[in-house]
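# Structural overview for review
Each chain, written out:
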Amino acid sequence: MLLTAVAAICLIAIVAIVSVGVVMRYVFGAPLLGVNEFVQLTAVALVMAALPFCTARNDHVAVDVFDDMLGRRGRLAGDVISRLLSGIMLGLLAQRAVIKALDAWEWGDATNMLRIPIWPFYVVLAVGAGLCVLVMAAQLVLTITRGGK
Amino acid sequence: MTPFATGVLGIACLFLLLIIRTPVAFAMLIVGFGGYWFLEGLRSAGGVLLTESYSAVSSYSLIVVPMFVLLGNVSSAAGFSRGLYDAAFAWVGRFRGGLASASVLGCAVFAAVSGSSVATAVTVGKVALPEMKRLGYAPGLSTGAIAAGGTLGFLIPPSTGFVLYAILTEESVGRLFMAGVVPGLLLTGLFILTIWIVSLLDPAAGPRGEPVPFAERFRVLMDAAPLLLVILLSIGGIYVGAFTPVEASAVGAALVILLAIIRRRLSWAAFREAVVSTLSTSAMLYTVVIGANVLNPFLAITRIPAAIGEGLGTLGLGAYGTLAVIILAYIVLGMFMDGLSMLVITVPIVFPIITALGFDPIWFGVVAVIVIEMGMITPPVGLNVFVVRSVAGDVPLTTIFRGVFPFLIAMIVGLLLIIAFPGIALLLPDTMFG
């Protein structure tokens, strides 16, 4: 719930800052600098905070034409395999993001215009992907104990 | 194993993963990463995974996705679709099949705040289907009109389809949006013509609505005017170069939220629900982009797109023959896959072939989107038809598929016109400013 709130705040913040940027440019003739960077970094937080939630709601698009053909066992096996592989991918992504975050922190990498350090955003990427792995693990356990449907 | 054979195996694995219901985004991620690992080693594969994921989530142009989804969700939650439908009905309701035509018009206008076919069909369907049922419309005509009208959501800007196409092909989102406008209006016109013909042949299918007095017509139109103004401002703003697509989307969302608050149309609970569903949809779409971004470098090193292009070239079909083969392949795929998945999986393979043949990349975006829309209303898997069924409740699927058939013909006519006269799609993007 906390994550959803974070994502929602990021969403509204982007709406607000871009709109304010437009008003500043046309009404006051003073464009806001660095809106792009602000938006890009906020988007990282928005997406990564929303991803575990989206996964928990099973909102990812999948092809379900072959449901009946697979049978009950086929669906169970399919769900287990796809959750396992998807989880591994996100786990790898989280691990890579941690390495990159440490690297960026050590070298003091920052954005061009606003000089914002970028390492926290790789941490956000890692945390979001990591939480998503947890959601998938929970779904995996549930699927196995329920034995598919 | 050669890179090419690895690629073929990779595509086979991709379809296998899709069959066992792996979400499309993750299926692409798994195959792209696995294939890259196999060909270039784990280190490079990990590099691609991280770089492509980060560049997708921190992309500036992709921000139009959550912005426009929010715009559509808030308009729907605030009940603006009702106003649009009423206004459309006031003007065209007295003609043959008037309610169905009003529904299509309502869809077309709602499509201008929504980027999704499903959302358009649901939002307008909830308002229009009960009305048509009340007036005794044939269930086939009423549901067919909504299912077909809903597909306009994917074509009339803002369109999720165009945003994804732009990201995959590095074309301009603004130009693609503009290219969708006239074809969207053309299809709207053809759909209304279809309704008119259907109700001419079977007057009982689409009775006329009661005429609305002139003063009343303007009152309802004025009621819908603020939303029409938002649409005009955001889409017109992109055309005249006053806004970038990102700015247009954010300003549009801000205005619709303000409008809903001023008119006291939006409860806190409804707003929260609109935001929450925006977040989930956005996360889903971003994941799809990440998946496509990881799959594509792998496909590129296998040279599969190039090989398919050369293979098609040696058939000696010429440019339009090859285009016909590609469109047929899309139609067949569209029977089984949903539009979004189809777009992200096929465009990287088909796009180089199309541009090598000398076709305009923006124009092909429009063609691809229309063909994909046709897939949304063809059996056995027509996403829009399923959605309309769930809204209509008691209409059998076969009735809806039969009702949609005349509209499918209208879409084919529209598609042929756009192929014959590319100017229909290209006029606006070629004359836009900025």
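Heads up: the structure comes first, above all this text.
An account of the accompanying structure is given in this report. In this text, all values refer to a predicted model and were calculated from it rather than measured experimentally. (Residues numbered from 1 in each chain as written. Chains lettered and ligands numbered in written order. Predicted model: local features only at pLDDT ≥ 70, side-chain atom pairs only at ≥ 80, totals over all residues. Heavy atoms only, no water.)

### A look at the overall build of chain B
Definition in use: Secondary structure counts use DSSP, requiring at least four H or I residues in a row for a helix and at least two E residues in a row for a strand, with both numbered from the N terminus. This radius of gyration counts C-alpha atoms alone. The globule rule is 2.2 Å times how many residues there are, raised to the power 0.38. Each residue's exposure class comes from its accessible area (1.4 Å probe, protein chains only) as a fraction of the maximum for that residue type: buried when under 20%, exposed when over 50%, partly exposed otherwise. Per-residue accessibility takes into account occlusion by the displayed protein chains alone, with areas from the Shrake-Rupley method and a 1.4 Å probe.
Regarding its fold elements, chain B presents 21 helices and 0 strands. Over its C-alpha trace chain B gives a radius of gyration of 22 Å, about what one expects of a compact globule, namely 22 Å for 434 residues. Judged by the C-alpha coordinates and their principal axes, chain B covers about 75 × 45 × 45 Å. Split into buried and exposed, the 434 residues of chain B put 60% on the buried side. Split by element, the accessible area of chain B, about 15,700 Å² in all, is 72% carbon and sulfur.

### Here's the deal with the overall build of chain A
How we decide: Contacts are residue-level and defined by heavy atoms, with any inter-residue pair within 4.5 Å sufficient.
A count of helices and strands for chain A gives 4 helices and 0 strands. Counted from the first residue to the last, chain A has its helices and strands arranged as α-α-α-α. In summary, chain A has a C-alpha radius of gyration of 20 Å against a globular reference of 15 Å for 149 residues, an excess of more than 25%. Oriented by its inertia axes, the alpha-carbon framework of chain A measures out at about 65 × 40 × 25 Å. Taking all 149 residues of chain A together, the buried fraction comes to 43%. Of the contacts made within chain A by residues no fewer than 6 positions apart, 73% connect residues no fewer than 24 positions apart. Total accessible area computed for chain A in this model is approximately 7,900 Å², and 69% of it derives from carbon and sulfur atoms.

### What to know about the nonpolar core
All names here are of chain B. What counts is decided by this rule: Side-chain atoms within 4.5 Å are what join buried Ala, Val, Leu, Ile, Met, Phe, Trp, Tyr and Cys residues into a set we call a nonpolar core.
Among the nonpolar cores identified, the biggest contains 207 residues, and M28, V74, Y330, W363, F364 and V367 are the most heavily contacted of them. Sorting elements by how many residues they give to this core places helix α14 (residues 268-302) first, with 16 residues. Those residues in contact with Y330, other than ones at most four positions away along the chain, are M342, T346, V347, V350, F364, V371 and I372.

### Thoughts on the side chain of S117 of chain B
Residues and elements named next belong to chain B. When you line up the elements, S117 lands in helix α7 (residues 117-134). Taking relative accessible area as the criterion, S117 reaches 1% and is therefore assigned buried. Not counting residues within four places of it along the chain, the set of residues in contact with S117 comprises G150, T151, G153, F154, M376 and N384.

### Overview of the interface of chain B and chain A
We count it as follows: What counts as buried area is the accessible surface, traced by a 1.4 Å probe, that two parts surrender upon association, with contributions from both included. A carboxyl oxygen of Asp or Glu within 4 Å of a side-chain nitrogen of Lys or Arg is what we treat as a salt bridge. Classification used: nonpolar for Ala, Val, Leu, Ile, Met, Phe, Trp, Tyr, Cys and Pro, charged for Asp, Glu, Lys and Arg, polar for all others including Gly.
Chain B puts 53 residues into the contact, and the matching count from chain A is 54 residues. Regarding the contact of chain B and chain A, the summed buried area is about 4,700 Å², with carbon and sulfur atoms giving 78% of it. Broken down residue by residue, the surface that chain B buries against chain A is led by R21, Y54 and L279 of chain B, which jointly contribute 16%. Summed over the shared surface of chain B and chain A, the result is 2 salt bridges. Elements with a minimum of two residues in the side of chain B that touches chain A: α1 (3-19), α2 (24-40), α3 (42-57), α4 (64-77), α13 (245-262) and α14 of chain B. Of the residues forming the side of chain B that touches chain A, the biggest block, 12 residues, is contributed by α14 of chain B. Residues of the side of chain B that touches chain A, tallied by class, amount to 38 nonpolar, 11 polar and 4 charged.

### So, the packing of helix α2 (residues 35-56) of chain A against helix α4 (residues 119-146) of chain A
Residue and element names in this part refer to chain A. Condition: In this analysis an axis means a line fitted to C-alpha atoms, helices contributing only their contacting stretch, and an angle means the value between N-to-C directions, from 0 to 180 degrees. Reported orientations rely on four angle classes, namely roughly parallel under 35 degrees, roughly antiparallel over 145, roughly perpendicular from 65 to 115, and oblique for the rest.
Taken N-terminus to C-terminus, the directions of α2 and α4 make an angle of 5°; their axes are 8 Å apart at the nearest point. As judged from the angle between their axes, α2 and α4 are roughly parallel. Between α2 and α4, the residues in contact are L41, V44, A45, M48, L51, P52, T55 and A56 and F121, V124, L125, G128, A129, L131, C132, V135, M136 and Q139, respectively.

### Notes on unusual backbone geometry
The bulk of non-glycine residues show a negative phi, and the bulk of peptide bonds are trans. Note that the residue after P157 of chain B, namely P158 of chain B, is joined by a cis bond; omega there is -5°. The phi angle at N58 of chain A is positive, at roughly 55°, despite the residue not being glycine. Summarising the element assignment, N58 of chain A is placed in the loop between α2 and α3 (67-107). Residue classification places N58 of chain A among the partly exposed residues on the basis of a relative accessible area of 49%.

### With respect to the environment of A166 of chain B
Structurally, the position occupied by A166 of chain B is in helix α10 (residues 160-169). In this structure A166 of chain B touches E171, S172, V173 and L176 of chain B, once residues within four positions along its chain are discounted.

### So, the side chain of S234 of chain B
Residues and elements named next belong to chain B. Structurally, the position occupied by S234 is in helix α12 (residues 214-239). Residue class for S234 comes out buried when judged on its relative accessible area of 6%. Not counting the four nearest positions on each side in its chain, S234 is found in contact with F243 and A248.

### Here's the deal with empty space enclosed by the protein
Formally: Grid points spaced at 1 Å and placed over the protein atoms alone form the basis of the search, with a cavity being a set where a 1.4 Å probe fits but cannot get out and a pocket an open set showing protein on both sides within 12 Å along at least five of seven lines. Lining residues have an atom within 4 Å of a point. Grid points are joined across faces, edges and corners, and a volume is the space filled by probe spheres set on the points.
Within the structure shown, the criterion is met by 3 cavities of 30 Å³ or more. In this model, the largest cavity occupies a volume close to 70 Å³. Elements supplying a minimum of two residues to the lining of the largest cavity: α5 (80-92) and α12 of chain B. Among the elements that make up the lining of the largest cavity, the one with the highest residue count is α12 of chain B (4 residues). Grouping the constituent residues of the lining of the largest cavity by class yields 5 nonpolar, 1 polar and 3 charged. As a volume, the second largest cavity reaches approximately 50 Å³. If you trace the second largest cavity, you find it lined by M48, L51, L90 and L93 of chain A together with F26, L29, T287 and I290 of chain B. Only α2 and α3 of chain A together with α2 and α14 of chain B provide two or more residues apiece to the lining of the second largest cavity. Residue classes in the lining of the second largest cavity are distributed as 7 nonpolar, 1 polar and no charged.

### Points about α3 of chain A
Residue pairs three or four apart in sequence face the same way in an α-helix, which turns once every 3.6 residues. Note the cut-off: In a helix, the anticipated span is given by 1.5 Å times the number of residues less one. Think of it this way: the bend at a residue is just the angle between two axes, each fitted to seven residues, one set ending at that residue and the other starting at it.
An ideal rise of 1.5 Å per residue puts 60 Å on 41 residues; α3 of chain A reaches only 50 Å between its terminal C-alpha atoms. In α3 of chain A, a bend of some 85° at R73 of chain A exceeds every other bend along the element.

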